[in-house]
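Now for the letters of each chain:
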Amino acid sequence: MGTLVRWWRTVPPYFLSYPLHFTTKSGLTSIKSLSRRRPMKDFRRSFCSISQARCCSSFSVSASSSVQDDNNGFTPTPKFQIFNTMSKQKEEFKPKVPGKVGMYVCGVTTYDLSHIGHARVYVTFDVLYRYLRHLGYNVCYVRNFTDVDDKIIARSNELAEDPLSLSNRYCNEFLIDMASLHCLPPSVEPRVSEHINQIINMIKQILDNGCAYVIDGDVYFSIDKFPDYGRLSGRKLEDNRAGERVAVDSRKQNPADFALWKSTKPGEPSWESPWGPGRPGWHIECSAMSATYLGHSFDIHGGGMDLVFPHHENEIAQSCAACSKSHVGYWMHNGFVNVNSEKMSKSLGNFFTIRQVIDLYHPLALRLFLLGTHYRSPMNYSTVLLESASDRAFYIYQSLHDCEKLLLQSHGSQLKDTLAVETQDCIRRFHAAFQTSMSDDLHTNVVLAALTEPLKTMNDLLHTRKGKKQALRIETLQALEKEVSSVLSILGLMPSNCSEVVGQLKSKALLRAGITEEEVLIKIEDRNSARKNKDYEKSDKIREELAVKGIALMDNPDGTTWRPSVPLEMQELLISST
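Residues numbered from 1 in each chain as written. Predicted model: local features only at pLDDT ≥ 70, side-chain atom pairs only at ≥ 80, totals over all residues. Heavy atoms only, no water.

For the rest of this paragraph, the subject is the packing of aromatic side chains. Note on aromatic pairs: each is described by the distance of the centres and the angle between the planes. Counted according to the given criterion, the structure contains 14 aromatic pairs. Aromatic pair Tyr-229 and Phe-309: ring centres 6.4 Å apart, planes at 70 degrees, arrangement edge-to-face. In this pair, Tyr-229 sits in the loop between strand E8 (218-221) and strand E9 (258-263) while Phe-309 sits in helix H6 (residues 308-322), placing the two residues 80 residues apart along the sequence. Looking at Tyr-229, the relative accessible area reads 10%, which means it is buried. Judged by relative accessible area, which is 4%, Phe-309 ranks as buried. Connected via pairs of aromatic rings, a cluster forms that spans Phe-80, Phe-93, Tyr-131, Tyr-137, Tyr-330 and Phe-434. Over the ring of Tyr-170 we find Arg-169, and its NZ or CZ is 4.7 Å from the ring centre. Its end group placed over the ring of Phe-145, Arg-191 keeps NZ or CZ at 5.2 Å from the ring centre. (Phe/Tyr/Trp six-rings, centres within 6.5 Å; stacked < 30°, edge-to-face > 60°. Helix = DSSP H or I, 4+ residues; strand = E, 2+ residues; numbered from the N terminus. Buried < 20%, exposed > 50% of the residue type's maximum accessible area, 1.4 Å probe, protein only. Lys NZ or Arg CZ within 6 Å of the ring centre and 35° of its normal.)

Cis geometry marks the peptide bond from Phe-309 to Pro-310, where omega comes out at 5 degrees. Its place among the elements puts Pro-310 in helix H6. Phi is positive for Lys-88, which is not a glycine, with a value near 60 degrees.

Next up on the list: H6. With 15 residues, H6 extends 20 Å between its outermost C-alpha atoms, agreeing within 8% with the 21 Å of an ideal straight helix rising 1.5 Å per residue. A large share of H6 lies buried, amounting to 15 of its 15 residues. (Expected span 1.5 Å × (residues − 1).)

Okay, the sheet that holds E8 next. The four strands lie next to each other as E7-E8-E9-E10, forming an open sheet whose pairing is antiparallel. The sheet terminates laterally at strand E7 (212-215) and strand E10 (278-280), the two strands that pair on one side only. Strand after strand, the sheet turns through a mean of 20 degrees between neighbouring axes, direction not considered. Sheet topology note: the E7/E8 ladder contains four bridges and is antiparallel. Following the sheet pairing, Val-214 is matched in E8 by Val-219. (Pairing = 2+ DSSP bridges. Axes fitted to C-alpha atoms, helices over the stretch in contact; angles between N-to-C directions.)

Overall, the coordinates contain 24 salt bridges when judged by the stated rule. The salt bridge involving Asp-218 is made with Arg-251; its shortest N-O contact spans 2.6 Å. Of the two residues, Asp-218 sits in strand E8 while Arg-251 sits in the loop between E8 and E9, which places them 33 residues apart along the sequence. Overall, Asp-218 belongs to the buried group, its relative accessible area being 9%. (Salt bridge = Lys/Arg side-chain N within 4 Å of Asp/Glu carboxyl O.)

Ranked by internal contacts, the top residues of the largest apolar core, which has 89 residues, are Ile-300, Leu-366 and Tyr-397. Residues Val-219, Phe-258, Ala-288 and Val-308 belong to the second largest nonpolar core, which totals 44 residues. (Core = buried A, V, L, I, M, F, W, Y, C linked by side-chain atoms within 4.5 Å.)

Residues at a pLDDT of 70 or more form 85% of the protein, whose mean pLDDT is 86. In this model, residues 1-74 is a region of pLDDT below 50 whose contacts with residues beyond four sequence positions or in other chains number 208 contacts. (pLDDT = per-residue confidence, 0-100. Contact = heavy atoms within 4.5 Å.)

A cluster of acidic residues, Asp-535, Glu-537, Asp-540 and Glu-544, forms a negative patch at the surface. By the secondary structure assignment, Asp-535 is in the loop between helix H16 (517-532) and helix H17 (536-549). (Patch = residues over 30% accessible without salt bridge, like charges linked within 9 Å, V, L, I, M, F, W, Y side chains within 5 Å. Areas by Shrake-Rupley, 256 points an atom, 1.4 Å probe, with all protein chains shown as cover. Lys, Arg positive; Asp, Glu negative; His and termini not counted. Charge placed at Lys NZ, Arg CZ, Asp CG, Glu CD.)

One ladder, built from four bridges, connects strand E3 (residues 81-84) with strand E4 (residues 89-92); its direction is antiparallel. When the sheet's bridge partners are listed, Asn-84 is paired in E4 with Gln-89. Connecting the antiparallel pair E3 and E4 is a turn made up of four residues, with Lys-88 showing a positive phi of about 60 degrees.

See the structure below:
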């Protein structure tokens, strides 16, 4: 097929982070190894029981490994910098236990299908999880399910469904969405309903330490007993929004005091406790579950920006009240997904579920879209930008598919153990760019932009007359394909079968265009006839009709083929916005 058309702005190249080994010989470069360090083996983290009413300031693991730096002639790997919401600045990442990372990310409240805002959170932290493993860390990644909550109860009453049955159903739906988006399963996925004893034991410890009080079966945290309240968000107590999971209750000592335990009400799920039957408050759940699996002191706590206040602020207060040695090394928060300059959320009713989007767009196109903006920056959801991401995804996977096909045809050929100097330079730039951008607080957007050079080189070698005649063509394609595939794997963007994804992207494009492939092929035949008859006006009209629908025709010596593209009007919008 002809050289692929790209609708993507060029950004300065940055890329790659695993060692390659080269020796120079007669202007060529010998490849000794193109392998990257594999992720650490799974491990089992010790159970830190909060029922023992003591601080668990560390955790044990069954595998041990320190992060190694193997430069092999390249620029030394930059130190990994993370923006810490607590300090409001980037800091060098230094885990509490060398070579091992404990990471907790607040999960969804399961009362409905998850939306694009949720997708951004969990794709962001999936990339962090993958990157930490790529660096050689042994990671225990904990992501919870809030399956006991006021919103779940309200929804279950609307549907006349048991609250725990409803939440379990949506837990399973969420897992399906995460698998579609190529998010790796966390090490542990605890549910609130299965950790009631741990929650009760933590509340007991807070009461014993004099930081909470009981009123008629309800237990409240006393904000006045924690002078450092507000240090994460920088907000004042009066900023607590009454009614937003901070109940309005005249019985409270301070209006900002929040519930640790809620006494039972008719029709609600409940569990026995020292204060009577009831259920946990929202904030205590994550404190108890993170302490259970990671101890009171661990490395990374993450979530969306909307959780900074009051949820994470309250987590800090109650965790420190339960154990004075409680500490999180790095607080990480991703920015909002906005629709018309407003945060996308279920409460505002301006959200799109993951399912709604992936019905029309490939899940990998959605993941690419989400990674196209730095995780801390706000991003705007629009069909135009999704179309652009889908077009970029097709270009990436079609390039890899074409390359794989040619390499398969060349399988068994006698290949040289050399690369041209210009290929070596391309790989070096790729390598340095990935190191620079990922180590600088996960700039995935810059990494994606850096794909431009290696993909262009691959397509030149695959499809241009000059490229097909180039010396060491197969060796160069093999090296570049391995480079690109490895980096895409770290970003969670590498499918098991590129050919299959190309076909799925084309099917989604036809669905959005409201046309079948058979109809496209008929249009191509009509256009071919018009060209033979020198009716170029009709030929151009057919091409434009399809282009308006997002179907681009590609003329090449073997005939005319088609590929998805950004619909014509949207191309104009993209150009006008640059």
